[in-house]
Amino acid sequence: MMRDPTRVHERITYGTFYAGEDGSSANHNFFFYEEPTSDTFRLIPWDLDNTLNMGSFEYFGQVPHWTETPEDCAERFPIYRGTEEVYAPGCDVLFSALNQDLEGYRSAVRDMLDGPFSEGRLEAQVDRYAELIRPSVEEDPHGLQLLDWRADLDVLKRDLSGMRARMERLLDDAARGD
């Protein structure tokens, strides 16, 4: 039993989810954990190296958003450029239930966009971390060259704006009930 569904809504704003072949909920780069002593669910992230990579969206571009339930839940959608297939997350019982009241999701997305993902805030954080990491990048003979690393940082900061715009569109779609 989930005592605080807003926590799941918060996690859904950052994750990609789909239904497994046996009808169970599944996801990409998260584990669901039910805490037996409190009957709460937790989403535990792992492998977050592509979290802030606009290119990673192409891997799941065919999969419907978790708020969309296709007519045929047996339909499979290609991921990873067609090398694997998954079922739509909207066919999963948990996500179907969460979809009944999208206010928690909308609120969590808005909090994210107005807080940690607000314009300039995340870019400033990237700059702070980059300054901490830069000396190690300069010294590492096996890593990226400093110019390549700086170019990758520029791509990341440029992509942040695109990710914010994507979340705004998803929020607008959720508000319209699309």
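Residues numbered from 1 in each chain as written. Predicted model: local features only at pLDDT ≥ 70, side-chain atom pairs only at ≥ 80, totals over all residues. Heavy atoms only, no water.

**Details of the overall build of the protein**
So, step 1. Looking only at helices and strands, the protein has 5 helices and 6 strands in total.
So, step 2. Here the protein, with 178 residues, has 34% of them falling under the buried criterion.
So, step 3. Expressed as a percentage of contacts within the protein between residues at least 6 apart in sequence, the contacts between residues at least 24 apart total 55%.
So, step 4. Here the protein displays about 10,900 Å² of accessible surface, and carbon together with sulfur accounts for 50% of that area. (Helix = DSSP H or I, 4+ residues; strand = E, 2+ residues; numbered from the N terminus. Buried < 20%, exposed > 50% of the residue type's maximum accessible area, 1.4 Å probe, protein only. Contact = heavy atoms within 4.5 Å. Areas by Shrake-Rupley, 256 points an atom, 1.4 Å probe, with all protein chains shown as cover.)

**Some words on helix α3 (residues 103-114)**
Residue pairs spaced three or four apart in an α-helix point in one direction, given the helix's 3.6 residues per turn.
So, step 1. Over its 12 residues, α3 extends 16 Å from the first C-alpha to the last, a length consistent with the 16 Å expected when each residue adds 1.5 Å.
So, step 2. For α3, the full list of buried residues reads G104, Y105, R106, A108, V109, M112 and L113. (Expected span 1.5 Å × (residues − 1).)

**A closer look at the side chain of S118**
So, step 1. Note that S118 resides in the loop between α3 and α4 (121-139).
So, step 2. By relative accessible area, which is 19% here, S118 ends up buried.
So, step 3. Ignoring any residue separated from it by four or fewer positions in sequence, one finds S118 in contact with M112, L113, E123 and R164.

**Thoughts on the confidence of the model for the protein**
So, step 1. Residues at a pLDDT of 70 or more form 72% of the protein, whose mean pLDDT is 77.
So, step 2. Confidence, expressed as mean pLDDT per element, reaches its minimum in the protein at helix α1 (residues 5-12) with 46 and its maximum at α4 with 93.
So, step 3. Of the regions scoring below 50 in pLDDT, residues 1-14 engages in 34 contacts with residues more than four places distant in sequence or in other chains. (pLDDT = per-residue confidence, 0-100.)

**Quick word on the environment of T69**
So, step 1. Relative to the helices and strands, T69 is located in the loop between β4 (40-45) and β5 (76-79).
So, step 2. T69 sits in the partly exposed class, given a relative accessible area of 46%.
So, step 3. Linking T69 and S96, residues 27 residues apart in sequence, is a C-alpha distance of 7.8 Å.
So, step 4. Non-local contacts of T69, meaning those with residues more than four positions away in its chain, are made with G90 and C91.

**Some points on the nonpolar core**
For soluble globular proteins, nonpolar side chains are generally found buried alongside one another.
So, step 1. Of all hydrophobic cores here, the largest spans 20 residues; its most connected members are W66, Y105, V109, L113, F117 and M167.
So, step 2. Broken down by element, this core gets its largest block of residues, 7 residues, from helix α5 (residues 146-176).
So, step 3. Grouped together as the second largest cluster of nonpolar side chains are 6 residues, F60, V63, V86 and A88 included. (Core = buried A, V, L, I, M, F, W, Y, C linked by side-chain atoms within 4.5 Å.)

**Comments concerning a nonpolar patch on the surface**
So, step 1. On the surface, F31, Y33 and I44 cluster together into a nonpolar patch covering about 300 Å² of accessible area.
So, step 2. By secondary structure assignment, the location of F31 is in strand β3 (residues 30-35). (Patch = residues over 30% accessible without salt bridge, like charges linked within 9 Å, V, L, I, M, F, W, Y side chains within 5 Å. Salt bridge = Lys/Arg side-chain N within 4 Å of Asp/Glu carboxyl O.)

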